[in-house]
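Each chain is listed here by its residues.
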Amino acid sequence: MLASARAGNVAGYLSSFSGPLEESLRESIRESGEAGFAKYLKDSNAVLKGVAVAGVQKLDEGAVNVRVEYVYQDRNEAQTVRLENTTAGWKITRIDGAERVKTLVPYGTPIR
């Protein structure tokens, strides 16, 4: 999903999702056009410095929640992402709102 977003690969990005979230993304693509959505994906991911995945919570045989922390130059944000095992493989079916994470040492701080 993130590699596709950074590359502006709309089809690849969309293939990471399923259910109502996928339909919502398809509507956004229809409204902004594929080129506009590709630009949005590239622009919004250009400032991303890194990603940490932790806190996998198994919900049942076919679903997990994962805590994903996004690292930016000036802040970190975390979201819970739900993945479900579909006939086409693991897909993102829900993304909770982002919460700001307090960072002790901002990204890029020189070491003394």
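Below or above, wherever it landed, is the structure these notes cover.

### Notes on the overall build of the chain
Right, so step 1: Helix and strand content of the chain: four helices and five strands.
Right, so step 2: Helices (α) and strands (β) of the chain occur, in sequence order from the N terminus, as α-α-α-α-β-β-β-β-β.
Right, so step 3: Expressed along its principal axes, the backbone C-alpha trace of the chain runs to roughly 50 × 40 × 20 Å.
Right, so step 4: Taken over 112 residues, the chain has a buried fraction of 33%.
Right, so step 5: Here the contacts in the chain between residues at least 6 apart in sequence split such that 36% fall between residues at least 24 apart.
Right, so step 6: Accessible area for the chain stands at about 7200 Å²; split by element, carbon and sulfur atoms hold 52% of it.
Right, so step 7: Averaging the locations of the 15 positively and 14 negatively charged side chains of the chain gives two centres separated by 8 Å.

### Things to note about the nonpolar core
Right, so step 1: In this structure, Val10, Tyr13, Leu25, Phe37 and Leu41 are the most contacted members of the largest nonpolar core, which totals 18 residues.
Right, so step 2: Listed by contribution, the elements that provide at least two residues to this core are helix 2 (10-14), helix 3 (19-32), helix 4 (34-46) and strand 2 (63-72).
Right, so step 3: Top contributing element to this core by residue count: strand 2, with five residues.
Right, so step 4: Contacts of Tyr13, omitting those with residues within four sequence positions, involve Met1, Ser4, Ala5, Leu25, Phe37 and Leu41.

### Overview of helix 4
Right, so step 1: Its 13 residues place the ends of helix 4 18 Å apart at the C-alpha level, agreeing with the 18 Å of an ideal helix rising 1.5 Å per residue.
Right, so step 2: Taken residue by residue, helix 4 has Phe37, Ala38, Leu41 and Asn45 as its buried positions. For helix 4, the angular spread of the buried residues around the axis is 105°, confining them to a single face. With respect to the buried face of helix 4, the exposed residues turned more than 90 degrees away are Ala35, Lys39 and Ala46.
Right, so step 3: Along its buried surface, helix 4 packs onto helix 1 (2-7), helix 2, helix 3 and strand 1 (48-60).

### Description of the pattern of salt bridges
Right, so step 1: Taken as a whole and assessed by the stated rule, the structure comprises nine salt bridges.
Right, so step 2: The shortest N-O distance in the salt bridge between Glu77 and Arg75 comes to 2.8 Å.
Right, so step 3: For Arg75, a relative accessible area of 23% gives the class partly exposed.
Right, so step 4: The salt bridge partner of Glu84 is Arg82, with a shortest N-O separation of 2.7 Å.
Right, so step 5: In this structure, a network of salt bridges that share partners links the residues Asp74, Arg75 and Glu77.

Conventions used here
- Residues numbered from 1 in each chain as written.
- Predicted model: local features only at pLDDT ≥ 70, side-chain atom pairs only at ≥ 80, totals over all residues.
- Heavy atoms only, no water.
- Helix = DSSP H or I, 4+ residues; strand = E, 2+ residues; numbered from the N terminus.
- Buried < 20%, exposed > 50% of the residue type's maximum accessible area, 1.4 Å probe, protein only.
- Contact = heavy atoms within 4.5 Å.
- Areas by Shrake-Rupley, 256 points an atom, 1.4 Å probe, with all protein chains shown as cover.
- Lys, Arg positive; Asp, Glu negative; His and termini not counted.
- Charge placed at Lys NZ, Arg CZ, Asp CG, Glu CD.
- Core = buried A, V, L, I, M, F, W, Y, C linked by side-chain atoms within 4.5 Å.
- Expected span 1.5 Å × (residues − 1).
- Arc of directions from axis to C-beta.
- Salt bridge = Lys/Arg side-chain N within 4 Å of Asp/Glu carboxyl O.

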